[in-house]
Amino acid sequence: MRIPGFVSGPRALSGARRAATVLAAATALTAALAVPALAHVSINPGTAEQGGFSKVAFRVPNERDDASTVKVEVAFPTDHPLAFVSVKPVPGWDVKVTEGKLPTPVKTEYGDLKEAVTKVVWSGGEIKPGQFQEFEVSMGQLPADTDSLLFPTKQTYSGGEVVDWADAPKADGSEPEHPAPVLKLVPASGAAGHGAAASPSTQGAAQPATGSVTASATAPSATVVAASSSDGTARLLGGAGLAAGVVAVVIALLGLRRRAS
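Residues numbered from 1 in each chain as written. Predicted model: local features only at pLDDT ≥ 70, side-chain atom pairs only at ≥ 80, totals over all residues. Heavy atoms only, no water.

This part is about the pairing of strand β11 (residues 162–165). The alternating pattern of β11 places Val163 and Trp165 on a buried face and Val162 and Asp164 on a face that is not buried. Where strand β10 (residues 153–157) meets β11, four bridges bridge the pair, whose relative direction is antiparallel. Opposite Thr153, over in β11, you have Trp165 as the bridge partner. Between β10 and β11, which pair antiparallel one after the other, the connecting turn spans four residues, and Gly160 there sits at a positive phi close to 100°. (Buried < 20%, exposed > 50% of the residue type's maximum accessible area, 1.4 Å probe, protein only. Helix = DSSP H or I, 4+ residues; strand = E, 2+ residues; numbered from the N terminus. Pairing = 2+ DSSP bridges.)

Have a look at this one:
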């Protein structure tokens, strides 16, 4: 006896194969959207106002399953040097701020800047597989004659591997293989708040760069959890991809039932 609306035999098998194919495609799309969000060193927030002072965090995820990140080296721009740079101690990590002479002095409202921070290195700690760490920096005065600052970063693993995140953004907007952290600069709004023009004293942490400085965080190592705002974005995109896949499966099955009837 044939039940109305029920499809069996080859057509049912064909429909099941189509549904499985659609679901597999949706899963692949979800993975493609989720992976880039966690794949490289980034700077957060990614935007600040020109002419102001800002506090940012270099977010470093560990991408290896068999090694820990043990050193992070961030290069600061010399074409648009920053007169005031200071770092926030990270429990379990030593930090070294290095200053160098500029090829050409840069005029600022505080006078001619002949030396500036060229590199900040964090070492002695550990970012284990499946974890990330944030390294905070207060800096300024952000330049007003450019719309972005590049911070090439080297990530060293316990096995000796060094990943150089130094690629500049591509002209076509696509992401390079090893993108450098980029801080985008926008025109000042004139309102007080994050990124607005301010003196170093109002920022609290930023101080004039005066040479090589070494600081050591003596507090016990903090537990780092593998969760972040970018992780939340990846999950949101992943959920959208799966939802689209489910809708496609339902539409395909309804279409097969209509053909059968």
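With that settled, the discussion passes to the packing of aromatic side chains. This model, assessed by the stated rule, comprises six aromatic pairs. Their ring planes at 55° and their centres at 5.7 Å tell us that Phe53 and Phe84 sit as a pair that is tilted. With Phe53 in the loop between β2 (47–49) and β3 (54–61) and Phe84 in strand β5 (residues 84–87), this pair connects stretches of sequence that are 31 residues apart. Classification of Phe53 by relative accessible area gives buried; the value is 0%. (Phe/Tyr/Trp six-rings, centres within 6.5 Å; stacked < 30°, edge-to-face > 60°.)

Attention now moves to unusual backbone geometry. Residues apart from glycine generally show negative phi values, whereas peptide bonds are mostly found in trans. Backbone torsion omega between Asn44 and Pro45 reads -5°, so that peptide bond is classified as cis. The topology assignment puts Pro45 in the loop between β1 (42–44) and β2. Omega for the peptide link from Gly140 to Gln141 comes to -5°, which places this bond in the cis form. Its location among the elements puts Gln141 in the loop between β8 (132–140) and β9 (148–150).

Moving on: the environment of Asp167. Mapped onto the fold, Asp167 is located in the loop between β11 and β12 (182–186). Note: C-alpha distance between Asp167 and His178 (eleven residues apart in sequence) is 5.5 Å. Those residues in contact with Asp167, other than ones at most four positions away along the chain, are Pro176, Glu177, His178, Pro179 and Ala180. (Contact = heavy atoms within 4.5 Å.)

On average, residues of the protein carry a pLDDT of 75, and 57% of them reach 70 or more. Across residues 192–199, confidence stays below pLDDT 50; counting only partners more than four residues off in sequence or on other chains, it has 17 contacts. The low-confidence segment residues 201–237 (pLDDT under 50) makes 66 contacts with residues lying over four places distant or belonging to another chain. (pLDDT = per-residue confidence, 0-100.)

Before going further, it helps to spend a moment on the pattern of salt bridges. In this structure the tally under the stated criterion is four salt bridges. With its nearest N and O atoms 2.6 Å apart, the salt bridge here joins Arg59 to Glu134. Residue Arg59 is found in strand β3, and its partner Glu134 is found in strand β8; the two are separated by 75 residues along the sequence. In this structure, the salt-bridge partner of Lys119 is Glu73, at a minimum N-O distance of 4.0 Å. Taken as a pair, Lys119 in strand β7 (residues 111–127) and Glu73 in strand β4 (residues 69–75) lie far apart in primary sequence, 46 residues in all. (Salt bridge = Lys/Arg side-chain N within 4 Å of Asp/Glu carboxyl O.)

What follows concerns the nonpolar core. If you look at the biggest cluster of nonpolar residues, it comprises 31 residues, and the most contacted ones within it are Phe58, Phe76, Trp122, Phe135, Met139, Phe151 and Leu183. Among the secondary structure elements, those contributing two or more residues to this core are β3, β4, β6 (94–108), β7, β8, β11 and β12. Considering every element that reaches this core, the biggest residue donor is β7, with four residues. Setting aside its immediate chain neighbours within four residues, Phe135 contacts Val56, Ala57, Phe58, Val60, Val72, Val90, Trp93, Trp122 and Ile127. Formed by six residues, the second largest nonpolar core is a distinct cluster that contains Phe53, Ala83, Leu102 and Leu113. (Core = buried A, V, L, I, M, F, W, Y, C linked by side-chain atoms within 4.5 Å.)

Note: β4 against β7, six bridges, orientation antiparallel. Among the inter-strand pairings, Lys71 is bridged to a residue of β7, identified as Ser123. Bridge analysis of β4 against β10 gives five bridges, and the strand direction is antiparallel. When the bridges of β10 are listed, Lys71 appears paired with Thr156.

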